[in-house]
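# A structural walkthrough
Each chain is listed here by its residues.
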Amino acid sequence: MGSRASTLLREEEIEEIKKETGFSHSQITRLYSRFTSLDKGENGTLSREDFQRIPELAINPLGDRIINAFFPEGLDREDQVNFRGFMRTLAHFRPIEDNEKNKDPTASEPLNSRTNKLLFAFRLYDLDRDDKISRDELLQVLRMMVGVNISDEQLGSIADRTIQEADQNGDNSISFNEFIKVLEKVDVEQKMSIRFLH
Amino acid sequence: MDGRCTHAVLLLLCLGSCLSLTPPAQPFVRQEKASGLGSNSSKGGLSLDVPMALRVFSVDYYHVQAPFEIVLWIMLASLAKLGFHWSGRLPAVVPESCLLIMVGLLVGGVIYGVRHSAPPTLSADAFFLFLLPPIVLDAGYFLPGKLFFENLGTILWYAVLGTLWNVLGIGVCLYGVCLLASGSLGDVSLLHCLLFSSLIAAVDPVAVLSVFQEIHVNEQLHILVFGESLLNDAVTVVLYKLFESFLRLPVVTGVDVLLGGCRVLGVGLGGLGVGLFFGLVAALTSRFTSRAQVIAPLFVFLYSYLSYLTSEMLHLSGIMAIVTCAVTMKQYVEANLSERSNTSIQYFLKMWSSVSETLIFIFLGVSTIQDVHMWSWAFVCSTLLLCLLWRATGVILLTAVVNKVRRNVVTFRDQFIIAYGGLRGAICFSLVFLIDDFPKKRLFITTTIVVILFTVFVQGMTIKPLVELLEVKRRKRNLPTVSEEIHSRLLDHLLAGIEDVVGYWGQHYWKDKFEQFNQRYLCRFLIREERQARSSIVRVYQELERRDERADEEHITQLDSNLLSSLLSSMLFNSPCLFSHFLF
């Protein structure tokens, strides 16, 4: 399994992915073998059906939104994501390491910075990408997470309270900055990190 | 402020003298007249010449002696606690445990002075069967479940390996000291040293709780120290019993040692099993209490105590059983019982554990006043030093290994507090009294008392300034918000999903799997029909709404709001039973 995967993935590609995402060589090859095992059609890309085939993901209440996050803009049914895109999305979940903080300050922010992690979570709510979580978008996510036993009115009041707690400029929606402020006491760097085995 | 202090001290002295004047249990001895110290109990001695029929007023103390004395002691403990909180700036500087021990010393001294014999000591049975369970139950019921399970690996690592390291290290080094000072300590064998170190090495949950409650370090540090103190009971119990039985055997073989190792596992898992069983039965029982809500809280206490007693009977770890029982039944019981029942459970637990803790510390103080103390500078000082040394090295080594695997590394400051916060308490004290008699037993008792007093006083008093000096991360004392809860749940789901994509069976994967199992089988079986499926988001929202209503209606005192916020935050940290409803 190992040798087949690495012959299909060229060294230059690995280097590029390494530079873009910060993963190590072994992590990239390991994730590539996972990618190929998911890729039932063996055409080097993943479709939404490939993701939906993952059993636990299918019953995750936010499963659809998570799958969406892997695909670039545009909700076209025929979307496919290649390995680069796959790694780019997963890079958000790399733990932040201290020795990275002092690297080249002029380089663009790494994908796994706190702001980018928060942006990823923000986009799970904000489907229409207008940089605001409206009351409806919040209600949709709440309904998915809370289940069916709660009445609409009660859900509505929960949503109202949530917006009230976060909203500072009174536009009855949560902007990205307000979102960051609400989560400032939550240890997002730790919570949104997966230990990718070396 | 000074006036209040004097009042408190006077009251305590009165009470103490009452206790000292209660006669020893010899029913047919005439009582002596009270002598001076402001006694206000009317115990006149009556002459036996007056025939029974003509007595208008009589005192029959022996009839009520046992409960009367118990109540007096509890009264003393509670008044001491009251007096402590009224005494101005003292609570900020001196931890409660120290003050209670000092009160105990005072009362013990008074009793000794009046009776010229040793005051009543804390019997091991009374301690293990009556005083310890409420504290551990309270700790288990309010354990932040989510945080505990996230750090479970590290906690077990410290508890099992750390305790083993300490016990073996201290035991062997103490034997070395005994060999060196063979003049005075020659008859202390290696097994005796190991037995002693097995009881002195263990960190005590009561002492840790009472000190750490006041210093408010960050939750992760708190759960590490506290979890370790709870779980090392299994190791301590086994090692203690093991060395005790080795002492009775003529020869110790390698097989015996191996069997001892298996026993650790057996004791721990056995305690866990007993706790699980009783927890589930309690949850099931609580499902049917809707028609007799008044006695519903009683089941919680009965089943937990039963689990403790059962595992003590089977020589398993009682502490682990009762903690497991509490953790298991909590979410189901809370869903099944009415709000009032839940509140009464919480208040009763807090009250009982508080009284227990106070009594333990007072008795520790009283029991220090003994008739015979055997002192040996070499033994006592080396024990103290070795305890500190081995704990420090143990923590550093273990943390170095465990940090490679953890998400949240344990910083050096946290490590220092973990090492420094390893307080010894009443468990060692009781265990040392249970040792079979041998020439140097008095020495062990004295050394244990010294170590306990040292850790509680010196370490207990200085840990708060040290925490501030080292700028250890403190607990964030903010109230939960619905937003935080929603976003945290979102992140949980997100991470579980990403772990599925990557194919990595990490924490989130297992947590998710457990939640599904819980949803599908346990909750349906153990929770009443109408109470099913309340997501944690809804729970937080309802709690906050309720709190707002109460705040509008009445003026909440500082203590109430602290209690509420601590209850709220502990509720939040528990693994939510039903945070998502999977439709099946």
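An unreviewed UniProt entry annotates chain B as Sodium/hydrogen exchanger of Esox lucius. Within the UniProt record for chain B, the comment given under Sequence similarities (unreviewed entry) is "Belongs to the monovalent cation:proton antiporter 1 (CPA1) transporter (TC 2.A.36) family." Among the UniProt annotations of chain B, the heading Subcellular location (unreviewed entry) holds the following wording: "Membrane".

## With respect to the pattern of salt bridges
All names here are of chain A. In this structure the tally under the stated criterion is 18 salt bridges over all chains. Its salt-bridge partner being Arg114, residue Glu189 comes within 2.9 Å of it at the nearest N-O pair. One end of the pair, Glu189, is in helix α12 (residues 188-191); the other, Arg114, is in helix α8 (residues 114-125), with 75 residues separating them in the sequence. Given the relative accessible area of 22%, Arg114 is considered partly exposed.

## Digging into empty space enclosed by the protein
Gaps between atoms show up when a probe of the same size as a water molecule is rolled over them. All names here are of chain B. Applying the stated rule across the entire model yields 5 cavities of 30 Å³ or more. What the largest cavity holds in volume is close to 70 Å³. What lines the largest cavity is Leu199, Ala202, Val203, Asp204, Pro205, Ser229, Asn232, Asp233, Thr236, Ile319, Ile427 and Cys428. Every element with two or more residues in the lining of the largest cavity is listed here: α11 (219-248) and α18 (426-433). Per element, the largest residue contribution to the lining of the largest cavity is 4 residues, and it comes from α11. For the second largest cavity, the calculated volume is near 60 Å³. As for the second largest cavity, its lining consists of Tyr158, Gly162, Thr163, Asn166, Glu228, Arg391, Gly394, Val395 and Leu398. Of all the elements in the fold, those that place two or more residues in the lining of the second largest cavity are α7 (152-180) and α16 (377-402). Each residue belonging to the lining of the second largest cavity can be placed in one class, and the counts come to 3 nonpolar, 4 polar and 2 charged.

## Regarding unusual backbone geometry
Backbone geometry places Asp131 of chain A, a non-glycine residue, at a positive phi of 60°. Inspection of the secondary structure assignment puts Asp131 of chain A in the loop between α8 and β1 (132-133). Given a relative accessible area of 46%, Asp131 of chain A falls into the partly exposed group. The phi angle at His315 of chain B is positive, at roughly 60°, despite the residue not being glycine. Positionally, His315 of chain B belongs in the loop between α13 (296-313) and α14 (318-336).

## So, the nonpolar core
Ranked by size, the top nonpolar core spans 131 residues in total, and within it Trp73, Phe127, Leu132, Leu199, Phe212 and Ile362 of chain B carry the most contacts. In terms of residue count, α11 of chain B provides more of this core than any other element does, 15 residues in total. For Ile362 of chain B, the contacting residues outside a window of four places in its chain are Trp73, Leu76, Ala77, Ala80, Leu100, Val103 and Gly104 of chain B. If you look at the next biggest cluster of nonpolar residues, it comprises 67 residues, including Phe86 of chain A together with Val482, Leu490 and Val501 of chain B.

## Examining the packing of helix α2 (residues 11-21) of chain A against helix α7 (residues 83-90) of chain A
Residue and element names in this part refer to chain A. Here α2 crosses α7 at 25°, and the two axes come no closer than 10 Å. Relative to α7, the element α2 lies roughly parallel. Read as a crossing pair, α2 and α7 show a hand that is right-handed. Residues Glu13, Glu16, Ile17, Glu20 and Thr21 of α2 form the contact with α7, whose own contacting residues are Phe83, Arg84, Met87 and Arg88. When its residues are assigned to classes, the contact of α2 with α7 shows 3 nonpolar, 1 polar and 5 charged.

## A few points about the interface of chain A and chain B
Contacts between the two partners involve 48 residues from chain A and, on the opposite side, 50 residues from chain B. Of all residues in chain A, Arg161, Lys191 and Arg195 of chain A give up the largest surface area on contact with chain B, accounting jointly for 15% of the area buried on that side. On inspection of chain A and its partner chain B, the count reaches 1 salt bridge. A salt bridge links Lys191 of chain A to Asp492 of chain B; the nearest nitrogen and oxygen atoms lie 3.7 Å apart.

## Describing the environment of Met192 of chain A
Within the element layout of this structure, Met192 of chain A appears in the segment after α12. Taking the C-alpha atoms as reference, Met192 of chain A lies 9.1 Å from Arg114 of chain A; in sequence the two are 78 residues apart. Leaving out residues up to four positions away in the same chain, Met192 of chain A has contacts with His92, Phe93, Lys117, Phe120 and Ala121 of chain A together with Leu491, Leu494 and Leu495 of chain B.

## Considerations on helix α20 (residues 482-502) of chain B
Here α20 of chain B contains 21 residues, and its C-alpha end-to-end distance of 30 Å stays within 8% of the 30 Å for a straight helix at 1.5 Å per residue. When you tally the buried positions in α20 of chain B, you get 21 out of 21 residues, the bulk of the element.

About the cut-offs
Residues numbered from 1 in each chain as written. Chains lettered and ligands numbered in written order. Predicted model: local features only at pLDDT ≥ 70, side-chain atom pairs only at ≥ 80, totals over all residues. Heavy atoms only, no water. UniProt positions renumbered as here; feature names shortened; annotations may be inferred. Salt bridge = Lys/Arg side-chain N within 4 Å of Asp/Glu carboxyl O. Helix = DSSP H or I, 4+ residues; strand = E, 2+ residues; numbered from the N terminus. Buried < 20%, exposed > 50% of the residue type's maximum accessible area, 1.4 Å probe, protein only. 1 Å grid on protein atoms, 1.4 Å probe; cavity = no way out; pocket = protein on both sides within 12 Å on 5 of 7 lines; lining within 4 Å. Points joined across faces, edges and corners; volume = space filled by probe spheres on them. Nonpolar A, V, L, I, M, F, W, Y, C, P; charged D, E, K, R; others polar. Core = buried A, V, L, I, M, F, W, Y, C linked by side-chain atoms within 4.5 Å. Contact = heavy atoms within 4.5 Å. Axes fitted to C-alpha atoms, helices over the stretch in contact; angles between N-to-C directions. Parallel < 35°, antiparallel > 145°, perpendicular 65-115°, else oblique. Left-handed = near helix turned anticlockwise from the far one by under 90°. Buried area = accessible area lost by both parts, 1.4 Å probe. Expected span 1.5 Å × (residues − 1).

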